[in-house]
Amino acid sequence: MFSFPPLTPFVKKLIITLLAAFVLELLLKNFAGVDVIGLLALDPVHLGPQTLLQLVSYVLIEDPRAGMSMLIGLLFMWLILSPFEASFGPRRTLALALCGVLGAGLAAILGAAVAPIPGYLYLGSQAIAYAGMAAMAQVMRRGRMMFFGVLPLTSAQLLLVLVGICVLDFLASKDHIRLTGSLGAILAGIGYARYLSRPARPSQPKRSTGPRFRVLRGGGGAADGDRPKWLN
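Source: prediction; values computed, not measured.

Asker: For this particular structure, what's the right way to read the overall build of the protein chain?
Answerer: Of the regular secondary structure elements, the protein chain holds 8 helices and 4 strands. Shown N-terminal to C-terminal, the secondary structure of the protein chain runs as helices and strands in the order α-α-α-α-α-α-β-β-α-α-β-β. Buried positions account for 38% of the 232 residues belonging to the protein chain. Expressed as a percentage of contacts within the protein chain between residues at least 6 apart in sequence, the contacts between residues at least 24 apart total 72%. Carbon together with sulfur atoms contributes 66% to the accessible area of the protein chain, which is approximately 14500 Å² in total.

Structure below.
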């Protein structure tokens, strides 16, 4: 029977942070008249000093009309990232999330450079979920995963499902910047998982730090017989 994994500490804080940011966004936009979306969402067309902030802050901004899909995305994030944190710990899960966010943001900028869309803003936390699924697929590449606890998939099949979801989203929206951003998050998740799976370097033998002596063979006279003499 399908069940959600235990909610791990970092993933719990991440979900609460994203949900609180969404509520704050709605309050500021609808009741205080603050254009928080234009300030924090990523503008991949007009680059400047603000881009450094937007490459991270865009993940805190959601489409105000997409409340239900945002909640579904948070549940999906719980399903994907909690097992990863249980295996690798909170710091590596944070690093995975950052890799996904930066990978998606940079890929979105690349997509906008190829075919810019005036007034376009890139936003949403889906990059974290895409990176998490890609990383788990890479970690479990020698086995099978249960997709939503029902469908057994190999690593390659799960990655094909992820890419297929991105392509379907593109066919429905014709948003090529969102497509490149999602693919960037997937590649970032794969890259980070491969970094974690790299073989450990063999430890170098410690060199002796004590004094070194040369051993010299000494010469002896006839009185000493034929025994060898050694001088340290």
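On we go.
Asker: Just checking my understanding: could you explain unusual backbone geometry for this structure?
Answerer: For residues besides glycine, phi is generally negative; the peptide bonds are generally trans as well. Phi at Lys174 takes a positive value of approximately 55°, unusual for a residue other than glycine. Turning to its location among the elements, Lys174 is positioned in the loop between α7 (155-173) and α8 (176-196).

Asker: Honestly, the nonpolar core in this entry has me stumped. Any pointers?
Answerer: Generally speaking, nonpolar side chains in soluble globular proteins are found buried as a group. Tyr122 and Ile128 are the most contacted members of the largest nonpolar core, which has 47 residues in total. Considering every element that reaches this core, the biggest residue donor is helix α6 (residues 126-139), with 9 residues. In this structure Tyr122 touches Ala41, Leu42, Pro44, Tyr58, Ala104, Ala108, Ile177, Arg178, Gly181 and Ser182, once residues within four positions along its chain are discounted.

Asker: Where do I start with the environment of Leu40 in this structure?
Answerer: Topologically, Leu40 is positioned in helix α2 (residues 36-40). Here Leu40 is in contact with Leu53, Gln54, Ser57, Tyr58 and Ile61, once residues within four sequence places are set aside.

Asker: So what exactly am I meant to see when it comes to the packing of aromatic side chains here?
Answerer: To describe a pair of aromatic rings, one takes the distance between the centres and the angle between the planes. On inspection of all chains with the given rule, the structure shows 3 aromatic pairs. Note that Arg198 overlies the ring of Tyr195, its terminal NZ or CZ placed 4.1 Å from the centroid.

Asker: For this particular structure, what's the right way to read the packing of helix α5 (residues 90-114) against α6?
Answerer: A pair of packed helices is characterised by two quantities: the angle between their axes and the separation of those axes. Where α5 contacts α6, the two axes come as close as 8 Å, and the packing angle between them is 115°. The interaxial crossing formed by α5 with α6 has right-handed handedness. Where α5 approaches α6, its residues Leu96, Ala97, Gly100, Val101 and Ala104 are matched on the opposing element by Ala127, Ile128, Ala131, Gly132 and Ala135. Along the lines of polarity and charge, the residues of the contact of α5 with α6 split into 8 nonpolar, 2 polar and no charged.

Asker: Explanation requested: the layout of surface pockets in the structure shown.
Answerer: To find leftover empty space, one rolls a probe the size of a water molecule over the atoms. When its volume is computed, the largest pocket comes out at roughly 780 Å³. Lining the largest pocket are 32 residues, with Ser69, Gly73, Gln126, Tyr130 and Arg178 sitting closest to its centre. For the lining of the largest pocket, the secondary-structure elements that each account for two or more residues are α4 (67-88), α6, α7 and α8. If you tally residues by element for the lining of the largest pocket, the top one is α4, at 9 residues. A breakdown of the residues in the lining of the largest pocket according to their chemical character gives 21 nonpolar, 6 polar and 5 charged.

Asker: What is the right way to look at the side chain of Thr93 in this model?
Answerer: With respect to the helices and strands, Thr93 occurs in helix α5. For Thr93, the residues in contact, after removing those within four places along its chain, are Phe10, Leu81, Phe84 and Glu85.

Asker: What is the right way to read helix α3 (residues 50-57) from this model?
Answerer: One turn of the α-helix equals 3.6 residues, which is why residues spaced by three or four share an orientation. Restricting attention to buried positions, one finds in α3 the residues Thr51, Gln54, Leu55 and Ser57. In the core, the buried residues of α3 are packed alongside α2 and α5.

Asker: Before we go on, may I ask you to explain the confidence of the model for the protein chain in this structure?
Answerer: When pLDDT is low, close inspection of the predicted coordinates is not appropriate. Confidence along the protein chain averages 87 in pLDDT terms, with 81% of residues attaining 70 or more. Mean pLDDT in the protein chain bottoms out at strand β4 (residues 229-231), which sits at 46, and peaks at α5, which reaches 98.

Asker: Sorry, what's going on with the packing of α7 against α8 here?
Answerer: Two elements in contact, α7 and α8, have axes whose closest approach is 8 Å; the angle formed by their N-to-C orientations is 165°. With respect to α8, the axis of α7 lies roughly antiparallel. Between α7 and α8 lies a crossing whose hand is right-handed. Counting all contacts with α7, which are made through Leu159, Leu162, Val163, Cys166, Val167, Asp169 and Phe170, the residues of α8 involved are His176, Arg178, Leu179, Ser182, Leu183, Ile186 and Ile190. Each residue belonging to the contact of α7 with α8 can be placed in one class, and the counts come to 10 nonpolar, 2 polar and 2 charged.

Asker: Explain the environment of Ile16 here, please?
Answerer: Mapped onto the elements, Ile16 comes out in helix α1 (residues 9-31). Assessed through its relative accessible area of 49%, Ile16 is described here as partly exposed. Sequence separation between Ile16 and Leu74 is 58 residues, and the spatial gap between their C-alpha atoms is 9.3 Å.

Rules used throughout
Residues numbered from 1 in each chain as written. Predicted model: local features only at pLDDT ≥ 70, side-chain atom pairs only at ≥ 80, totals over all residues. Heavy atoms only, no water. Helix = DSSP H or I, 4+ residues; strand = E, 2+ residues; numbered from the N terminus. Buried < 20%, exposed > 50% of the residue type's maximum accessible area, 1.4 Å probe, protein only. Contact = heavy atoms within 4.5 Å. Areas by Shrake-Rupley, 256 points an atom, 1.4 Å probe, with all protein chains shown as cover. Core = buried A, V, L, I, M, F, W, Y, C linked by side-chain atoms within 4.5 Å. Phe/Tyr/Trp six-rings, centres within 6.5 Å; stacked < 30°, edge-to-face > 60°. Lys NZ or Arg CZ within 6 Å of the ring centre and 35° of its normal. Axes fitted to C-alpha atoms, helices over the stretch in contact; angles between N-to-C directions. Left-handed = near helix turned anticlockwise from the far one by under 90°. Nonpolar A, V, L, I, M, F, W, Y, C, P; charged D, E, K, R; others polar. 1 Å grid on protein atoms, 1.4 Å probe; cavity = no way out; pocket = protein on both sides within 12 Å on 5 of 7 lines; lining within 4 Å. Points joined across faces, edges and corners; volume = space filled by probe spheres on them. pLDDT = per-residue confidence, 0-100. Parallel < 35°, antiparallel > 145°, perpendicular 65-115°, else oblique.

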